[in-house]
Amino acid sequence: MEVKLLHNSPLLLSIIGARNCYNSFEKSDSINKNEFVEYGEKDLNLINNLIKNGHHSVLEHVYYTFKIDGISRALLQELVRHRIASYSVKSTRYTLTELKKDENIDVDKYCVTEYLPGNIKSDLLNNLLIIKKLLNEGWANDKVKYLLPEAYKTTVIMSINARSLRNLFKLRTDKKALKEFQDLARNIFLILPHEHLILFHDVIIF
């Protein structure tokens, strides 16, 4: 899988929200220099204390948008259970033509295989060849897609606020979570801006 951070709103928005709640803007010690913010110790401590006390609403002002490429449909259906987020998913209905036109199908190109026993690749290849055959016989994409394996790769654009991302990290880095989801959650954490890690350090599990 490959995860890219396409955009994030500044941590400063959570600080402004917190200062507004307590009408304490005069205590703010962060310095906003055009597009660069130098975060002050008082402001960071305020955010830390709010997190510790369970006052997480101010985190909803901070958003992240990720491009997540090469995850399985099995992971996708678990990912979208995190409902306070927005998703744009690569459509199998409109993109199966790439499989139809492929002269030499490589299982690893189309399916997530690293979490499966090695001997399963031949079964996945047979599945893809059947799908290709049906497509070339004129079957419609929206009928053939019912045959796609759960391991079939997809791409999703996800926008999520910091409070919801905390929930994702807490649930999906746990050892009981789907291993592919554990890897996704940790990959997301690793590409967050350094100053944002204060929002998540208490819920991420490595």
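Everything discussed here concerns the structure shown above.
Scope of this entry: the structure provided in the associated data block.

Procedures and definitions
- Residues numbered from 1 in each chain as written.
- Predicted model: local features only at pLDDT ≥ 70, side-chain atom pairs only at ≥ 80, totals over all residues.
- Heavy atoms only, no water.
- Helix = DSSP H or I, 4+ residues; strand = E, 2+ residues; numbered from the N terminus.
- Rg over C-alpha atoms; globule rule 2.2 N^0.38 Å.
- Buried < 20%, exposed > 50% of the residue type's maximum accessible area, 1.4 Å probe, protein only.
- Contact = heavy atoms within 4.5 Å.
- Areas by Shrake-Rupley, 256 points an atom, 1.4 Å probe, with all protein chains shown as cover.
- Core = buried A, V, L, I, M, F, W, Y, C linked by side-chain atoms within 4.5 Å.
- Axes fitted to C-alpha atoms, helices over the stretch in contact; angles between N-to-C directions.
- Parallel < 35°, antiparallel > 145°, perpendicular 65-115°, else oblique.
- Left-handed = near helix turned anticlockwise from the far one by under 90°.
- Nonpolar A, V, L, I, M, F, W, Y, C, P; charged D, E, K, R; others polar.

## Overview of the overall build of the protein
Secondary structure summary: the protein contains 10 helices and six strands in total. Here the protein has a C-alpha radius of gyration of 21 Å; the compact-globule value for 206 residues is 17 Å, and the former is much larger. Projected onto its principal axes, the C-alpha coordinates of the protein cover approximately 70 × 35 × 25 Å. A total of 206 residues make up the protein; the buried ones form 44% of that total. Within the protein, residue pairs in contact and separated by at least 24 positions form 74% of the contacts whose partners lie at least 6 positions apart. Here the protein displays about 11,800 Å² of accessible surface, and carbon together with sulfur accounts for 51% of that area.

## Concerning the nonpolar core
Within the largest apolar cluster, 40 residues are counted, with the highest numbers of intra-cluster contacts made by F66, L165, F169, L199 and F200. Elements that contribute at least two residues to this core include exactly α1 (12–22), α2 (41–52), β4 (63–72), α3 (73–79), β6 (153–161), α9 (162–172) and α10 (179–190). For this core, the leading source of residues is α10, giving five residues. Other than its neighbours up to four places away in sequence, L165 contacts Y64, F66, I160, I188, L192 and F200. I105, C111, L134 and L135 belong to the second largest nonpolar core, which has 15 residues in total.

## Focus on the packing of α9 against α10
Viewed as axis vectors pointing N to C, α9 and α10 meet at an angle of 135 degrees, and their least axial separation amounts to 9 Å. Taken together, α9 and α10 sit at an angle that is classed as oblique. Note on packing geometry: the crossing formed by α9 with α10 is left-handed. Only F181, Q182, A185, I188 and F189 of α10 make contact with α9, whose side of the interface consists of L165, L168, F169 and R172. The residue inventory of the contact of α9 with α10, partitioned by class, reads seven nonpolar, one polar and one charged.

## A word on the environment of K143
Considering the arrangement of structural elements, one finds K143 in helix α8 (residues 141–144). Taking the C-alpha atoms as reference, K143 lies 8.7 Å from R93; in sequence the two are 50 residues apart.

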